[in-house]
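Below, each chain spelled out in residue letters.
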Amino acid sequence: SQNLVSVEQFSNEDVMAYLKLAQAFKNGKTIELARPTFAMNLFFENSTRTHTSFEMAERRLGIQVIPFDPKTSSVTKGESLLDTLKTIQAIGVNLAVIRHPRDRYYQPLLDAGLSLSLINAGDGSGQHPSQSLLDMLTIFEEFGHFDGLKIAIVGDLAHSRVARSNMELLTQLGAKVYFGGPREWYGADFAQYGEYQEMDQLVTEMDVMMLLRVQHERLTQENNQAFDASAYHQAYGLTNERAARMPQHAIIMHPAPVNRGVELASDLVEAPQSRIFQQMTNGVYIRMAMIATVLAHQGLLSATQVEA
Ligand code: CP
């Protein structure tokens, strides 16, 4: 597709094509753009990994990156997101990567039939397709398949676009998803994808323990005041004691940023079973694969150049 906004767009064949193309880029594959190509990364929510790795991916593909700062843009004068996109398209931008706090912010942009490509870098508590694909790449590199893998998604489910994207894609790929964390964050929409288990049970049975950040910026002031980091860690965190009871082959994942000592013990971030930094590295290659694919749909690359 010319636009990548949700994992719901991806068939299993699409996912495997993205993973193989990302692995080819990781092994040194290069591409040749048909003409000068320009990208703009519009981040209306804070980011370190996603923003930086999209820019790294764009630069590695030879794309010129035009800076955009929401705080100094005409969005502050009331210009809509759609008019902003029409503007940058008119100026010659070929690819817009957008992160926005509003769920499904991208729908009016898709409905407008813009000719530039759009990649969703996260919408509110909705979707985070590039994070999901980099997580799939990390799991695939580890196990070589998804079928029957037991994967726990633990923590702030209610606010997590990573949880939503990953439960959908992992289930579709044949993995078995479980959930943990505060029960009040395990809603009916999660129950249809997997059962809830206590942390002490999850750690002994899972192939992958995927921890999620407690998103303080999305909690109410009241809930933030009541939040006890130490109590959370003891009840729902991956403590050192729990990590010692994981199977030998099992891995730890977290989209980051990590609240060290809350979702997991601080030293587990760098532990041998942690894949947290590998996830970040994979983020560059998976984003190269996503960008190359949408640019091929615009005719900026030949179809053969996006084959692994
Ligand atoms: N994992 C992730 O989306 O991190 P950033 O918010 O730093 O981009």
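Since we're looking at a predicted model, the values are computed, not measured.

## What to know about the sheet that holds strand β4 (residues 117–123)
Here's step 1: If you trace the four strands from one edge of the open sheet to the other, you get β2-β1-β3-β4, paired in parallel fashion. Only two strands of the sheet have a single partner each, and these edge strands are β2 (64–66) and β4. With strand direction ignored, the average angle separating the axes of adjacent strands in the sheet is 20°.
Here's step 2: In this structure, strand β1 (residues 38–43) lies alongside β2, joined through three bridges in parallel fashion. What sits directly across from Phe 38, in β2, is Gln 64.
Here's step 3: Across the face of the sheet, helix α2 (residues 49–60) comes into contact with β1, β2, β3 (95–100) and β4 while running at roughly 180° to β1.

## Let's talk about the UniProt feature "domain: Aspartate/ornithine carbamoyltransferase carbamoyl-P binding" (unreviewed entry) in the protein chain
Here's step 1: Mapped onto the present numbering, the UniProt feature "domain: Aspartate/ornithine carbamoyltransferase carbamoyl-P binding" (unreviewed entry) falls at residues 3–141.
Here's step 2: In residues 3–141, helix accounts for 40% and strand for 16%; the two terminal C-alpha atoms are 26 Å from one another.

## Let's talk about the site of the ligand
Here's step 1: Taken together, Ser 47, Thr 48, Arg 49, Thr 50, His 51, Gln 131, Pro 255, Ala 256 and Pro 257 make up the full set of residues adjacent to the ligand.
Here's step 2: Examining the composition of the shell around the ligand, we find that three residues originate from one element, α2, more than from any other.
Here's step 3: Taken together, the residues of the shell around the ligand sort by class into three nonpolar, five polar and one charged.
Here's step 4: Viewed by domain, the shell around the ligand spans two of them, domain 1 (7–127 + 283–306) and domain 2 (129–279), each represented by three or more residues.

Conventions used here
- Residues numbered from 1 in each chain as written.
- Predicted model: local features only at pLDDT ≥ 70, side-chain atom pairs only at ≥ 80, totals over all residues.
- Pairing = 2+ DSSP bridges.
- Helix = DSSP H or I, 4+ residues; strand = E, 2+ residues; numbered from the N terminus.
- Axes fitted to C-alpha atoms, helices over the stretch in contact; angles between N-to-C directions.
- Contact = placed C-beta atoms within 7 Å.
- UniProt positions renumbered as here; feature names shortened; annotations may be inferred.
- Near = placed C-beta within 6 Å.
- Nonpolar A, V, L, I, M, F, W, Y, C, P; charged D, E, K, R; others polar.
- Domains from an automatic or database assignment.

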